[in-house]
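# Analysis of the macromolecular model
Below, each chain spelled out in residue letters.
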Amino acid sequence: MRRVRSLLDLALAGLALWAAWYHTPAGALVRVVSAHVFGTRTTARPLLAYYSAGTEGAQAPEVIVPRPPLAPAAALGAGASAAMSRLAPAERERILARNHLRSAAPEGLSDVVARLSSVHRSREAGVLAFFCGGEAARFAVERAGRGARLEDLARELPPSYERSISLAGDTLTLGTAYALACPVPPWAHVTSPFGMREHPVLGGQRLHAGVDLGVPVGTEIHAVAPGIVRRSSEDSVSGLALVIDHGSGVSTVYFHNEQLLVHKGDHVAQGQIVSRSGNTGRSTGPHLHYQLDLPSGPVDPLRFRIARPHVDRGGTDL
Ligand SMILES: [Zn+2]
């Protein structure tokens, strides 16, 4: 009995230490200091956060931290790496061996795909060559023509290449998504994240298909990549709305603007000012609803773009 008691005491002491380490200001202080001393990273909350619970707005909203957009070649390497991460090890090894690579690290893939793109004279043919082999890519380019899109190249190959073509498509889509810049200035913060949320008016859980970025009316909104404007119009829900098609199945969406600066059919450059943000349509306050659409549907744009999102109260859409 005594033995059980002492074991229980030991477990309780351990629990108390764990709680102090993770859930008290003193624990946070020790973790921050030791992380500083040893040069490691820590997930400890800022000390003041322990004293601001329940006091609205006591903590300054943390700004989003956009990483610099990846250059197109690096983004394509990241896309190939992400597409291959879903494969069974044997299949991944086969593709790596064909391209004389030891690992699926983005940097190595980026170099190989860049070389193949220059040999086959286009990004699409280069990615196809990476997954299908140079001979198949050359055959497809000869028949479909130089600069042909992946779907045109794919039509020239037999059905046995279907899987490799699908991987090439995923790589081009993800590679385009990894090269997207940020549409708002770096001080903007997230007022409502991507994902399921309680609908403020209609009730029930619904997918919030983009992120809401809190910016004052009139803030310059930048195209996140080169593309063609597919929509530039107004409706009662989205307000003044823009949709830009970046190719490879990637589109970006910008809602609730005050003013649209481009027209349907316009070609835009990365960084070009395409609108001024506002509070139009169904919106509770000034913000930009920014959405990233892939062929599979909308995905969280912050997954591709931003180091650490922080949620803050502010304008959102209904
Ligand atoms: Zn929204």
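Going along each chain's sequence as written, the residues are numbered from 1 onward. Residue-level local features of this predicted model are given only where pLDDT is at least 70; pairs of side-chain atoms are given and counted only at 80 or more, and the full residue set underlies all totals for whole chains, interfaces and linings.

### So, the overall build of the protein
Going by this rule: Numbering of helices and strands runs from the N terminus; a helix is a DSSP stretch of H or I covering at least four residues, while a strand is a stretch of E covering at least two. As a rule, residues whose C-beta atom has 12 or fewer other C-beta atoms within 10 Å are exposed, those with 20 or more are buried, and those in between are partly exposed; C-beta atoms are placed from the backbone.
From N to C terminus, the protein includes ten helices and twelve strands. Among the 318 residues that make up the protein, the fraction classed as buried is 36%.

### A word on the environment of Met-84
Operational definition: Any two residues are considered in contact once their C-beta atoms, placed from the backbone, lie within 7 Å.
The topology assignment puts Met-84 in helix α3 (residues 72–84). Its 19 C-beta neighbours within 10 Å are what place Met-84 among the partly exposed residues. A sequence separation of 87 residues divides Met-84 from Thr-171, and the C-alpha atoms of the two residues are 8.6 Å apart. If near-sequence neighbours (up to four positions away) are discounted, Met-84 is found in contact with Arg-92, Ile-95 and Ala-104.

### A few points about unusual backbone geometry
Unusually for a residue other than glycine, Arg-121 sits at a positive phi of about 65°. Of note, the phi angle at His-256 is positive, near 65°, even though the residue is not glycine. For His-256, the position within the fold is in strand β8 (residues 251–260).

### Points about α3
Selection criterion: Expected helix span is taken as 1.5 Å per residue step, with the number of steps being one fewer than the number of residues.
Across its 13 residues, α3 extends 18 Å between first and last C-alpha, which sits within 8% of the 18 Å expected from 1.5 Å per residue. Those residues of α3 that fall on the buried side of the exposure criterion are Ala-75, Leu-76, Gly-77, Ala-78, Gly-79, Ala-80, Ser-81, Ala-82 and Ala-83. Looking at the buried positions of α3, the neighbouring elements they touch are α5 (106–119), α6 (123–132) and α9 (162–178).

### Examining the pairing of strand β11 (residues 288–294)
Across a regular strand the side chains alternate sides, sitting on one face of the sheet and then on the other. Short version of the rule: At least two bridges found by DSSP between two strands are what make those strands a pair.
With five of seven residues buried, β11 lies mostly within the body of the structure. Pairing between β11 and strand β12 (residues 297–299): three bridges, direction antiparallel. Bridge pairing in β12 places Asp-293 opposite Pro-298. Linking β11 back to β12 in an antiparallel pair, the connection comprises two residues.

### Considering the environment of Gly-214
Looking at the element boundaries, Gly-214 is found in strand β4 (residues 211–214). With 24 C-beta atoms counted inside 10 Å, the residue Gly-214 sits in the buried group. Considered as a pair, Gly-214 and Pro-286 are 72 residues apart in the sequence and their alpha carbons are 6.6 Å apart.

### Some words on α5
Formally: The arc in question is the one spanned by the directions pointing from the helix axis to the C-beta atoms.
Helix length check: α5 (14 residues) gives 20 Å between terminal C-alpha atoms against 20 Å at 1.5 Å per residue, within 8%. If you check which residues of α5 are buried, you get Leu-109, Ser-110, Val-113, Leu-116 and Ser-117. Looking straight down α5, one finds that the buried residues subtend no more than 135° of arc, so they occupy a single side. Residues Glu-107 and Ser-118 are exposed on α5 and point more than 90 degrees away from its buried face. Where α5 is buried, its residues touch α3 and α6. Just downstream of α5, Arg-121 is the residue with a positive phi angle, here 65°.

### Description of the confidence of the model for the protein
Operational definition: Confidence of the predictor at the level of single residues is captured by pLDDT, which takes values from 0 to 100.
Scored by pLDDT, the protein comes out at a mean of 84, with 76% of its residues at no less than 70. pLDDT under 50 marks residues 45–65. Its contacts with residues more than four places away, or in other chains, come to 26 contacts. Of the regions scoring below 50 in pLDDT, residues 306–311 engages in 16 contacts with residues more than four places distant in sequence or in other chains.

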